[in-house]
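Chains, contacts and geometry: an overview
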Amino acid sequence: MVEVKTIEKPDERRDFPGGHIEVLHLTGLDFAVGTFEPGWRWRESVRPIVGTDLCEVHHSGIVIQGRMRLRTADGAEAEVGPGDVFVVAPGHDAWVVGDEQVVVYDMAGQMAKTYAKSSEAGV
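Report on the accompanying structure. (Residues numbered from 1 in each chain as written. Predicted model: local features only at pLDDT ≥ 70, side-chain atom pairs only at ≥ 80, totals over all residues. Heavy atoms only, no water.)

1. Observations concerning the overall build of the protein
Where we set the bar: A run of DSSP states H or I qualifies as a helix once it reaches four residues; a run of E qualifies as a strand once it reaches two. Both are numbered from the N-terminal end. As a reference, a globule follows 2.2 Å times the number of residues to the power 0.38, and the radius of gyration itself is taken over C-alpha atoms. Working definition: with a 1.4 Å probe on protein chains only, accessible area under 20% of the residue-type maximum means buried, over 50% means exposed, and in between means partly exposed. Whether two residues are in contact is decided by their heavy atoms, any of which lying within 4.5 Å being enough. Asp and Glu count as negative and Lys and Arg as positive, but His and the ends of the chain are not part of the count. Each charge is placed at NZ for Lys, CZ for Arg, CG for Asp and CD for Glu.
Scanning the protein for helices and strands turns up 3 helices and 9 strands. The order of helices and strands in the protein, counted from the N terminus, is β-β-β-α-α-β-β-β-β-β-β-α. In terms of overall dimensions, the protein is globule-like: its C-alpha atoms have a radius of gyration of 14 Å, near the 14 Å expected for 123 residues. Seen along its three principal axes, the alpha-carbon backbone of the protein occupies a region of about 45 × 35 × 25 Å. Classification of the 123 residues of the protein by burial places 39% in the buried group. Taking contacts inside the protein between residues at least 6 apart in sequence as the whole, the part at least 24 apart equals 61%. Side-chain charges of the protein comprise 12 positive and 20 negative groups, with the mean position of each set lying 1 Å from the other.

This is the structure we're talking about:
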């Protein structure tokens, strides 16, 4: 089996204040491209949509453009930038650092399936 899709034609797009994700669903892979504008912060943009205090999505990604800061519930912090591959567990906040748009490719699957969907949508 071979399955090919292009990020230029996503299966789904979800918009939220200061950003959006574009999603591709393939057999065995749910892939997301997250785009976040300068000034974006999870707790101000997505928290009102999902109704949790912190992001409860597991991320496994690579930063394509821009810089983002991550802070977990236990206070661990990291900053990621272009070319950085990262994993962050559920229970974190995140925000754009600087004046450049952030683009992240996320391969964990949960972002593609549930990110920025309201709790009424079954998240």
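There's more to say after this.
2. With respect to the pattern of salt bridges
Note the cut-off: A carboxyl oxygen of Asp or Glu within 4 Å of a side-chain nitrogen of Lys or Arg is what we treat as a salt bridge.
Counted according to the given criterion, the structure contains 11 salt bridges. Among the ionic pairs, arginine 13 bridges to aspartate 15, the shortest N-O distance being 2.8 Å. Note on arginine 13: relative accessible area 43%, which makes it partly exposed. When the shortest N-O distance is used, the salt bridge between lysine 113 and aspartate 30 registers 3.7 Å. You can see lysine 113 sitting in helix H3 (residues 110-114) and its partner aspartate 30 sitting in strand E3 (residues 29-36), a full 83 residues away along the chain. When its relative accessible area of 46% is taken as the criterion, lysine 113 is described as partly exposed.

3. Quick look at the environment of valine 46
Mapped onto the elements of the fold, valine 46 is located in the loop between helix H1 (42-45) and helix H2 (47-50). Ignoring anything within four residues of it in the chain, the contact list for valine 46 reads Phe16, Trp40, Tyr115 and Ala116.

4. So, the sheet that holds E3
Heads up, the condition is: DSSP-based pairing: two strands are paired if at least 2 bridges between them are found. Helix axes are fitted only over the stretch in contact, all axes being lines through C-alpha atoms; the angle between N-to-C directions runs from 0 to 180 degrees.
On the basis of which strands lie adjacent, the open sheet formed by 6 strands has the order E1-E2-E3-E9-E4-E7 and antiparallel pairing. On the outer flanks of this sheet lie strand E1 (12-16) and strand E7 (85-88), each paired with one strand and no other. Along the sheet, successive strands turn relative to each other by an average axial angle of 25°, direction set aside.

5. Quick notes on the sheet that holds strand E6 (residues 77-80)
Strand order in this open sheet of 3 strands is E6-E5-E8, and the pairing throughout is antiparallel. This sheet does not close on itself; its edge strands, each paired only once, are E6 and strand E8 (92-97). Sheet twist, expressed as the average angle between the axes of neighbouring strands with direction ignored, equals 20°.

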